[in-house]
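# Summary of structural features
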Amino acid sequence: MRALIHSTFGSPEEVLQVEDRPVPEPGPGQVRLRIVLSPIHNHDLWTVRGTYGFKPELPAASGTEALGTVDALGEGVDHLTVGQRVATGGTFGAWSEYIVADAAGLIPVPESLPEESAAQLVSMPFSTMTLLQFLEVQEGDWIVQNAANGAVGRMLAQLGAARGVNVLGLVRRTAGVDELRAQGIENAVATDQDDWEEQAAAITGGAPILAGVDSVGGASAGQVLSLLAENGTLVAFGAMDSPTMEIASSDVIFKQATVKGFWGSKVIPALDPDVRKALFGELFQRLTDGTLTLPVSGVFDAADIADAVRASGTPGRVGKVLLRF
């Protein structure tokens, strides 16, 4: 079978290569999946670079999320059937023709859901759904996020609106505001404008902003914190620009702010099973009724991984880049 492998850590478009590997056999409680599509996430690329919280032994497989069809059942698996479509969001090595995964962690995919949406169901949409739950905000509350024109930012705005939570988005370029408006997302300001803070206050009407999400790092983290109300919470979700958050001590002290991290790999497994089931139910509902959209910017064959990685890094890209095996 074909699999994307890297023998060294480094730039993904340079170190990832298609190699032939043996087709794996499922053990007890496992299934083998024939991979249909797999998205390229930032954390996948950080792992290949060796800069993520998880660092695999070399030579290493790659990718974590995929849509697949059940190809073979291991001993004791009786709730899935061969040929059934399932999604996985936490199986390392997903960039491969076949993978073995724990059956208990797989999500059956309704036939009504297009494969391009199903392939990116778990990591970003479900993480975003869980993030919104993690913020502990209620209908009518305000939150603020940077990277508002990114995949997570767009989804958080859509899911927040569906729950009645007001989401203020920060983007770094004025053009980013127009990109969001074209997607029906209005509450956004560009921090490259001198009066961006006044614009933010005008949008919220002076209402307290209870929580903020930082996906960028650097000075942008401080901008999010600066908008929070007293006793507000700043959540570190990503570090697209810098691994260091530049935040003012005065904001932390005088706002009595809380700063904490969100890592889906830790938060999601700790969810109560009933909460997890309810959140997935809501996610399917939002995708079905069009409240949440999962656009795709391109689909590439695994052999064209270098081009796919470059496409994934295109500024202003709307939608995920997917790999087909």
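Scope of this entry: the structure provided in the associated data block. (Residues numbered from 1 in each chain as written. Predicted model: local features only at pLDDT ≥ 70, side-chain atom pairs only at ≥ 80, totals over all residues. Heavy atoms only, no water.)

### What about the environment of V189?
By the element assignment, V189 lies in strand β10 (residues 188–190). Assessed through its relative accessible area of 1%, V189 is described here as buried. Along the primary structure V189 and G169 are separated by 20 residues, whereas in three dimensions their C-alpha atoms are 6.4 Å apart. In this structure V189 touches G169, L170, V171, V177, W196, Q199, A200 and I203, once residues within four positions along its chain are discounted. (Helix = DSSP H or I, 4+ residues; strand = E, 2+ residues; numbered from the N terminus. Buried < 20%, exposed > 50% of the residue type's maximum accessible area, 1.4 Å probe, protein only. Contact = heavy atoms within 4.5 Å.)

### Re the sheet that holds strand β12 (residues 233–236)
An order of β10-β9-β8-β11-β12-β13 is seen for the six strands of this open sheet, with the pairing classed as parallel. Every interior strand has two partners, whereas the edge strands, β10 and β13 (258–261), have only one. On average, each strand axis in the sheet is inclined to that of its neighbour by 20°, with strand direction left out of account. Where helix α5 (residues 151–163) meets the sheet, its contacts fall on β8 (142–145), β9 (166–171) and β11 (209–214), and the angle it forms with β8 comes to roughly 170°. (Pairing = 2+ DSSP bridges. Axes fitted to C-alpha atoms, helices over the stretch in contact; angles between N-to-C directions.)

### Observations regarding α5
Given 3.6 residues per turn, any residue in an α-helix points the same way as the ones three and four places further on. With 13 residues, α5 extends 18 Å from end C-alpha to end C-alpha; this agrees with the ideal 18 Å at 1.5 Å per step. Three or more residues of α5 are buried, namely V152, G153, R154, M155, L156, A157, Q158, L159 and G160. Looking at the buried side of α5, the elements it contacts are α4 (122–134), β8, β9, β11 and α11 (273–289). A positive phi of about 80° marks G164, the residue just after α5. (Expected span 1.5 Å × (residues − 1).)

### Notes on the packing of aromatic side chains
One pass over the full model with this rule turns up seven aromatic pairs. Summarising the aromatic geometry, the rings of Y52 and W263 are spaced 6.0 Å apart at their centres and angled 90° between planes, so their arrangement reads as edge-to-face. Of the two residues, Y52 sits in the loop between α2 (42–49) and β4 (66–73) while W263 sits in the loop between β13 and α10 (264–267), which places them 211 residues apart along the sequence. For W263, a relative accessible area of 33% puts it in the partly exposed group. Ring centres 3.9 Å apart and planes at 5° place the aromatic pair F126 and F280 in the stacked group. Taken together, the residues span a long stretch of sequence, with F126 in helix α4 and F280 in helix α11 at a distance of 154 residues. The same class applies to F126 as to F280, namely buried. An aromatic cluster of at least three residues, connected via ring pairs, comprises W46, Y52 and W263. (Phe/Tyr/Trp six-rings, centres within 6.5 Å; stacked < 30°, edge-to-face > 60°.)

### So, the pattern of salt bridges
Scanning all chains against the criterion turns up 13 salt bridges. Between D241 and R172 there is a salt bridge; the shortest N-O distance is 3.5 Å. Pair noted here: D241 is in the loop between β12 and α9 (249–254) and R172 is in the loop between β9 and α6 (174–182), with a separation of 69 residues, a long-range link. A salt bridge links R310 to D307, with the nearest nitrogen and oxygen atoms 2.8 Å apart. Residue R310 and its partner D307 are both found in helix α12 (residues 305–312); the two are separated by three residues, about one turn of the helix. Relative accessible area serves as the criterion here: at 38%, D307 is assigned to the partly exposed category. Connected via shared salt-bridge partners are E25, R32 and D71. (Salt bridge = Lys/Arg side-chain N within 4 Å of Asp/Glu carboxyl O.)

### Thoughts on the packing of α4 against α11
Across the interface, α4 lies against α11 with an axial gap of 10 Å and an inter-helix angle of 120°. As the angle between them shows, α4 and α11 are arranged oblique. For the crossing formed where α4 meets α11, the hand is right-handed. Each of P125, F126, M129, T130 and Q133 in α4 lies in contact with α11, whose residues at this interface are V275, R276, L279, F280, E282 and L283. Classifying every residue of the contact of α4 with α11 gives seven nonpolar, two polar and two charged. (Parallel < 35°, antiparallel > 145°, perpendicular 65-115°, else oblique. Left-handed = near helix turned anticlockwise from the far one by under 90°. Nonpolar A, V, L, I, M, F, W, Y, C, P; charged D, E, K, R; others polar.)

### Thoughts on helix α7 (residues 196–204)
All of the buried residues along α7 are W196, A200 and T204. Along α7, the residues classed as buried sweep out an arc of 70° about the axis, all on the same side. Facing away from the buried side of α7 by more than 90 degrees, the exposed set consists of E198 and A202. The inward-facing, buried residues of α7 abut β8, β9, β10, β11 and α8 (219–226). The positive-phi residue at the C-terminal boundary of α7 is G205, with phi of around 65°. (Arc of directions from axis to C-beta.)

It is worth stressing that arrangement in space is one thing and function is another; only the former is reported here.
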